[in-house]
Structures are given as structure tokens and as C-alpha cells.
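# A look at the structure
Each chain, letter by letter, is given below.
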Amino acid sequence: MTDTILDRIRSSCAAVAEVSTHVTINEDRIAGFAAELDLDVEKNDPGQTRLGSDETATAFVLALDAINFGSGYFPHLRKRPGMSGYHTIAASLRDLVADTGGLTSERLAAWTLDDSAATFGQLLDGGPAHELMELFTQAWHDLAAFVDRVGGGSFVDTIAVADGSAAALVELLAEMPFYRDVHDHPVSGEVLLYKRAQITVQDLSVAFDRLGPGHFEDRSELTMFADNLVPHVLRVEGILRFDSGLLSRIEAADDIAVGSPEEVEIRACGLHAVELLRAVLATNDTHVTAGDLDNVLWNLGAQERYKVTPRHRTRCVFY
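Let us look at the structure shown here. Quick caveat: nothing in here was measured; it's all calculated off a predicted structure. (Residues numbered from 1 in each chain as written. Predicted model: local features only at pLDDT ≥ 70, side-chain atom pairs only at ≥ 80, totals over all residues. Heavy atoms only, no water.)

## Details of the layout of surface pockets
For clarity, the threshold we go by: In this analysis a 1.4 Å probe is tested at points of a 1 Å grid over the protein atoms alone, and where it fits but cannot get out there is a cavity; an open set with protein on both sides within 12 Å along at least five of seven lines is a pocket; lining residues have an atom within 4 Å of a point. Grid points are joined across faces, edges and corners, and a volume is the space filled by probe spheres set on the points. The secondary structure listing takes helices from DSSP runs of H or I that are at least 4 residues long and strands from runs of E that are at least 2 residues long, numbered from the N terminus. In the scheme used here, Gly and all other residues not listed as nonpolar or charged are polar, with Ala, Val, Leu, Ile, Met, Phe, Trp, Tyr, Cys and Pro taken as nonpolar and Asp, Glu, Lys and Arg as charged.
Counted as a void, the largest pocket has a volume near 830 Å³. Lining of the largest pocket is provided by 37 residues; of these, Ser84, His87, Leu229, Trp298 and Arg311 occupy positions nearest its centre. Going through the elements one at a time, helix 4 (85-100), helix 10 (195-207), helix 14 (290-300) and helix 15 (304-307) are the ones with two or more residues in the lining of the largest pocket. By residue number, the principal contributor to the lining of the largest pocket is helix 14, which donates four residues. Here the residues of the lining of the largest pocket sort into 13 nonpolar, 15 polar and nine charged.

## Focus on the pattern of salt bridges
For clarity, the threshold we go by: Salt bridges are defined as contacts in which a side-chain nitrogen from Lys or Arg sits within 4 Å of a carboxyl oxygen from Asp or Glu. Per-residue accessibility, obtained with a 1.4 Å probe over protein chains only, is compared with the maximum for each type, and a residue is labelled buried under 20%, exposed over 50%, and partly exposed between these values.
Across all of its chains, the model carries 13 salt bridges by this definition. Its salt-bridge partner being Asp95, residue Arg80 comes within 2.9 Å of it at the nearest N-O pair. You can see Arg80 sitting in the loop between helix 3 (54-66) and helix 4 and its partner Asp95 sitting in helix 4, a full 15 residues away along the chain. Classification of Arg80 by relative accessible area gives partly exposed; the value is 29%. Glu263 is the salt-bridge partner of Arg267, the closest N and O atoms lying 3.6 Å from each other. With Arg267 and Glu263 both in helix 13 (residues 261-283), this residue pair falls four residues apart, about one helical turn. Given a relative accessible area of 0%, Arg267 falls into the buried group.

## A word on the packing of helix 13 against helix 14
Worth spelling out the cut-off: For helices, the fitted line uses only the C-alpha atoms of the stretch in contact; every axis is such a line through C-alpha atoms, and the angle between N-to-C directions lies from 0 to 180 degrees. Any angle that falls under 35 degrees is termed roughly parallel, while one over 145 is termed roughly antiparallel, one within 65 to 115 roughly perpendicular, and all others oblique. Contacts are assigned to residue pairs with any non-hydrogen atoms lying within 4.5 Å of each other.
Where helix 13 meets helix 14, the axes come as close as 10 Å, and the angle between the chain directions of the two elements is 105 degrees. Judged by the angle between their axes, helix 13 and helix 14 are roughly perpendicular. Across the interface between the two elements, Val274, Glu275, Leu277, Arg278 and Leu281 of helix 13 pack against Ala290, Leu293 and Leu297 of helix 14. Grouping the amino acids of the contact of helix 13 with helix 14 by side-chain chemistry returns six nonpolar, no polar and two charged.

## Overview of the pairing of strand 2 (residues 182-185)
Here is the rule we go by: When DSSP locates at least two bridges between a pair of strands, those strands are taken to pair.
The two faces of strand 2 differ: His183 and His185 on one face are buried, but Val182 and Asp184 on the other face are not. Both strand 2 and strand 3 (residues 189-192) contribute to a ladder of four bridges, which runs antiparallel. Residue pairing across strands places His185 opposite Gly189, the latter belonging to strand 3. The turn linking strand 2 back onto strand 3 is made up of three residues.

## Side note on the nonpolar core
Note the threshold: Within this scheme, the nonpolar core is defined by two criteria: the residues are buried Ala, Val, Leu, Ile, Met, Phe, Trp, Tyr or Cys, and they are joined through side-chain atoms within 4.5 Å.
The biggest cluster of nonpolar side chains holds 107 residues, and the ones touching the most others in it are Leu93, Trp140, Leu143, Leu169, Leu234, Leu277 and Leu297. Ranked by the residues each element gives to this core, the list is headed by helix 7 (residues 128-151), at 12 residues. Sequence-distant contacts of Leu297, defined by excluding residues within four places in its chain, comprise Phe33, Leu37, Val230, Val233, Leu234, Val274 and Leu277.

## A word on unusual backbone geometry
The general pattern is negative phi for most residues beyond glycine and trans for most peptide bonds. Phi is positive for Tyr194, which is not a glycine, with a value near 50 degrees. Summarising the element assignment, Tyr194 is placed in the loop between strand 3 and helix 10. Positive phi is not limited to glycine here, since Asp209 has a value of about 50 degrees. Inspection of the secondary structure assignment puts Asp209 in the loop between helix 10 and helix 11 (230-236).

## Some thoughts on the environment of Ala57
Within the element layout of this structure, Ala57 appears in helix 3. Judged by relative accessible area, Ala57 falls into the buried class, the value being 2%.

## Description of the packing of aromatic side chains
Stated precisely, the cut-off is as follows: Two rings from Phe, Tyr or Trp (for Trp, the six-membered ring) form a pair when their centres sit within 6.5 Å of each other. Planes less than 30 degrees apart are called stacked, planes more than 60 degrees apart edge-to-face, and all others tilted. Two limits define a charge over a ring: the Lys NZ or Arg CZ must be within 6 Å of the ring centre, and within 35 degrees of the ring normal.
What the rule picks out here adds up to six aromatic pairs. In this structure an aromatic cluster arises from ring pairing among Phe69, Trp111, Phe120, Phe136, Trp140 and Phe178. For the cation-ring pair, Arg94 lies above Phe60, with the distance from its terminal atom to the ring centre recorded as 5.1 Å.

## Quick notes on the packing of helix 3 against helix 10
Rules: A crossing counts as left-handed when the near helix is turned anticlockwise from the far one by less than a right angle, and as right-handed when that turn is clockwise.
One way to put it is that helix 3 packs onto helix 10 with a least axis distance of 10 Å and a crossing angle of 150 degrees. Judged on the interaxial angle alone, helix 10 and helix 3 are roughly antiparallel. For the crossing formed where helix 3 meets helix 10, the hand is right-handed. Across the interface between the two elements, Thr58, Val61, Leu62, Asp65 and Ala66 from helix 3 touch Arg196, Ile199, Thr200, Asp203, Leu204 and Ala207 from helix 10. Of the residues belonging to the contact of helix 3 with helix 10, the class tally is six nonpolar, two polar and three charged.

## So, helix 4
To keep it simple, the criterion reads: Under the convention used throughout, the expected extent of a helix is 1.5 Å for every residue step, that is, one less than its residue count.
If you check helix 4, its first and last C-alpha atoms are 23 Å apart, about what 16 residues at 1.5 Å a residue would give, namely 22 Å. Burial runs high along helix 4: 12 of the 16 residues are buried. Residues of helix 4 that are buried: Gly85, Tyr86, His87, Thr88, Ile89, Ala90, Ala91, Ser92, Leu93, Arg94, Leu96 and Val97. Elements in contact with the buried residues of helix 4: helix 3, helix 5 (105-109), helix 6 (113-120), helix 7 and helix 14. Gly101 lies just past helix 4 and shows a positive phi near 95 degrees.

This is the structure we're talking about:
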């Protein structure tokens with residue numbers, strides 16, 4: 001049996017966990033956390049709520065996940081009252097579609113920096129939010145060219161090229177530069193993460209109730225969507241342990257450079273820990289995909305007990 005890209009993500013992250021020094025997994029804590037975990041935690045992700053026709057909904061998910069990054073910039077973002085950075089972006093995009101109609105590749109190709117600033121409520125003052133709006137604009141130009149090339153301008157037809165395979169769609173999306181979430185660890189070597197390509201599959205699956213553009217035969221093979229929130233939840237819960245130097249940098253709000261050993265270990269060990277957690281749940285006859293488990297942990301992270309402790313910040317296009 002040939003390894004898929006999803007298999008390679010798992011194996012490369014497991015290899016990091018074996019040699020990681022900045023981040024380690026406390027396996028003794030996993031069974032206790034599994035017993036405590038409420039898998040029915042309230043879900044609150046606007047990216048997973050269907051919006052309009054098949055084409056409009058598919059375009060919305062792909063457009064949102066094309067800019068589903070910037071957590072390292074979020075402390076500098078002008079946010080909607082009571083909303084996080086991600087929810088500010090997602091709500092702004094839903095409002096745009098509700099007010100002006102579905103997105104098309106033509107609209108995204110013609111999108112300007114001023115359009116980004118106006119839509120997402122940011123100032124173009126040369127600061128971090130300005131930089132993020134530039135990245136959003138480039139991401140949508142890349143997506144427009146991709147949809148034109150792969151799907152002849154149709155978002156639904158673009159997804160259809162993957163022929164119901166999550167692995168195929170991940171590889172397809174990774175043709176765009178901002179999706180190439182591959183890094184190098186000094187000991188274990190190449191590390192594949194592909195957070196946004198995988199979460200696109202998950203969001204389509206949930207939004208379409210696993211039908212039509214949301215039907216993927218191998219959906220259960222998705223991994224955790226390696227970002228900065230789920231590893232943070234696992235750290236607060238005592239499953240991940242960070243060394244003192246890394247903790248000091250996080251508490252000082254230092255940027256943890258993308259691709260650095262520390263940053264790769266945070267995400268890769270988080271991903272592997274979710275695999276271990278999933279396995280423990282399965283032994284107790286609780287069967288859940290890593291993608292669905294990620295959604296539970298991500299929503300859990302919105303609770304105040306997790307928000308009061310600083311999490312790592314990295315300015316990049318991957319999460």
C-alpha cells in the first residue's frame with residue numbers, strides 16, 4: 001500500500017516527537033485527559049456553516065481557508081467586539097458574501113489591498129495588520145489563478161478534480177505557495193504539516209454534511225490541523241511540556257520564527273499527541289477522527305482558562 005501525503009504527515013511528526021528537545025509529550029497524562037474530555041463541547045466555527053448554493057458555499061470555504069492564517073499578527077489586529085482574530089476575519093467575509101453575493105475567481109483576481117483593508121476593518125498604516133492585509137490579497141490572487149487553472153473558474157469543479165480524496169485535495173492545494181507547509185527539523189529532517197490544506201477538507205466536509213463537495217472517502221485519515229491554539233490547549237492540560245527557555249520567550253511575546261526547531265516541535269508534537277489521544281479514546285470505544293478531535297480542542301481553547309495563559313505567536317502564512 002502506497003503512503004499518502006496524510007501518512008507522511010503523521011510519520012514525519014512522529015519522528016520529530018522522538019527527538020524533540022524543546023517540546024516533549026507527557027504520555028502519562030493522555031489517558032486522564034481522554035477520560036475528562038467532553039467531545040460535545042459547543043462548536044463555533046463560521047467556516048463550517050454552509051452559505052448559499054454549492055458554488056457559493058464552496059467558494060466561501062476555499063476563500064476563507066486561503067486566508068486562514070495570521071495568528072501571529074492577531075494581537076495587532078482591529079477586532080470586532082468580543083471576537084477573536086479568526087472570528088473577526090470569518091464574520092467579515094460572511095458579511096461580504098451576504099451583502100454583495102458569492103465570490104468568484106474574477107472578483108478574487110481583481111481584489112486590491114484597499115479591498116482587504118475595507119472588508120476586514122484594518123488600517124493601512126505600515127504596521128503588522130497592514131502586512132497581513134497584503135498577504136491576504138496575495139493569497140486570494142493565488143487562489144483565483146488556481147481555480148481558473150484547475151477548475152475552469154468554478155470552485156465546485158476545482159474540488160471535483162480531487163475525486164473524493166482528501167489526500168488528493170491536500171496535494172492539489174499545496175501547489176499554491178502559501179499552502180506548502182513543509183519544514184526541516186535539524187535532527188529528524190523534513191516535516192510535513194499542511195494545516196490549511198487539511199482544514200479545507202474538514203471545513204468542506206462539515207459545511208456540506210459529508211455530501212457533494214464535502215464528500216471525501218478518506219476524511220478519517222486527516223490529522224490534527226497544526227496551529228498555535230491546539231498545542232496550547234494540550235500544554236495547559238499537561239500533555240505537552242515546553243522547556244523553560246521556550247516558555248520564557250512565549251511569555252515575553254517573542255515571535256517564534258516559522259520553521260525554527262522550537263516552532264516545528266510545538267506543532268509536530270501537538271499533532272502526534274492528538275494521534276496518541278485518539279488512540280486512547282478508541283481503546284475505550286470512543287472513535288473520533290483526528291480532524292473532529294482537533295475541532296473539539298480548538299473550540300475548547302476559547303474558554304477563559306486557556307485564554308489567560310499566553311500561547312506562542314508566529315508570523316507566517318500557515319496558521
